[in-house]
Structure formats: structure tokens, C-alpha cells
Amino acid sequence: MARTTIVRLTDDIDGSTAVETVPFAVDGRSYEIDLSAEHADNLRHSLAQFVAVARSTGRGNASVAPGRVHPRRPSGVDSSAVRAWAKENGAPVSGRGRIPDDVLAQYTSAQQATVAKPAAPEPGPAEPGPAEPGPAEPGPAEPGPAEPGPAESVADKPKRSRRRRS
């Protein structure tokens, strides 16, 4: 079965037949309006004095989600780690929202400096002397905190239900 869809534009000002959809933006919000040729010319003429002295910011940003003024910046860093570092180092950062560029730059340079520093040599073996009692280190029979114990297994984990697709 064939289907034909006909789209008719109606002028949003007076209800007559529109010939184009005109996109525009004001105060960080984008709009579009369907206009006849006469109304589209009137809109462009009305804005011409402002457009003539305004700075162009490009053709817009299609990646900005509706309701967002700025797109997310792909920083490649964990924002919670940056916030924790900033708090430890006294850098001003809020618990939510955008991380200031200078704080992000400080964090990045601090991380690069940490990676660039050579590791300190490990101390050599201690000189033999009387043994002092201390905490026992876990041996092969005793699992450490990060290793699963012998009683834990995959079978002990809760099972996820699987739905069959039909």
C-alpha cells in the first residue's frame, strides 16, 4: 500500500499559506516560525539593523540539546575526581555544575606532574635484628580484602532474569 504525506505550512502570524520556516535565536533560546514570503521579509527587515552591528557566532550548534545553553565539553576526566582533588587542594569548585576551566587546568597539570615524577626507590631489606610483633600479613590460605574468599563463588551471586524475545 502506498502512502503520500503532504505537509502544508501555515503562517504563524495570520494563518495564510507559509513558504518557509525561519529559525532564529534570542537570549540563548532557539525558535522557528513558519512564515509567508511577506512576513519572512518583514522579520528579516526588522532584524537587519541589529544584525548589521551584531557579532556573528557561527551558524549555531546542532549538538546543543534543547533547553541547554552550552553543550557538554568533552573533558575526558572524571568530574568527581576533579572535585575531590579541588576540595583537597583548596580550589574553589561547587558540588554540581560546570567545573571552572582554571580548576580543570590545575587538576590536569597536577595529574601530569604526578605521572612525570619518578617513583621513589623502595627501601632495602631491613637489617636483621630482634623480631617485633606486628600485624600478621595474610598468607596464601587467608584471602586479602580484595580477593574473594573460598566460600564466595559465581553461584553465590544473584541471578538476573532473562526475558525471551519473541
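Note: the structure precedes this text.
Counting of residues starts from 1 at the beginning of each chain's written sequence and follows it residue by residue. It should be noted that, the model being predicted, local features are given only for residues of pLDDT at least 70 and side-chain atom pairs only at 80 or more, the latter also being counted only at that level, while totals for whole chains, interfaces and linings use all residues. Water and hydrogen atoms were dropped before computing side-chain values, which therefore reflect all heavy atoms in the structure.

**Student:** Where do I start with the pairing of strand β1 (residues 20–26) in this structure?
**Tutor:** Consecutive side chains of a regular strand alternate in pointing toward one face of the sheet and then the other. Any two strands are treated as partners once DSSP identifies two or more bridges connecting them. Secondary structure elements follow DSSP: runs of H or I no shorter than four residues count as helices, runs of E no shorter than two count as strands, and numbering proceeds from the N terminus. Bridge analysis of β1 against strand β2 (residues 29–35) gives seven bridges, and the strand direction is antiparallel. Bridge pairing links Glu 20 to Leu 35 in β2. In this antiparallel pair of consecutive strands, β1 and β2, the connection spans two residues, and Asp 27 shows a positive phi of 55 degrees.

**Student:** When you look at the packing of aromatic side chains in this model, what are you seeing that I'm missing?
**Tutor:** Any pair of aromatic rings gets described here by the distance separating the centres and the angle formed by the planes. Centres within 6.5 Å make a pair out of two Phe, Tyr or Trp rings, where for Trp the six-membered ring is used; the pair is then stacked when the planes are under 30 degrees apart, edge-to-face when over 60, and tilted otherwise. This model, assessed by the stated rule, comprises two aromatic pairs. Summarising the aromatic geometry, the rings of Phe 24 and Tyr 31 are spaced 5.5 Å apart at their centres and angled 25 degrees between planes, so their arrangement reads as stacked. Categorising residues by exposure relies on relative accessible area from a 1.4 Å probe, with only protein chains included: less than 20% of the type maximum marks a residue as buried, more than 50% marks it as exposed, and the intermediate range marks it as partly exposed. We classify Phe 24 as partly exposed; its relative accessible area is 29%. An angle of 75 degrees between the planes, with centres 5.8 Å apart, marks the rings of Trp 85 and Tyr 107 as edge-to-face. On the criterion of sequence distance, the pair formed by Trp 85 in helix α2 (residues 79–88) and Tyr 107 in helix α3 (residues 101–116) is long-range, its members being 22 residues apart. The class of Trp 85 is buried, set by a relative accessible area of 16%.

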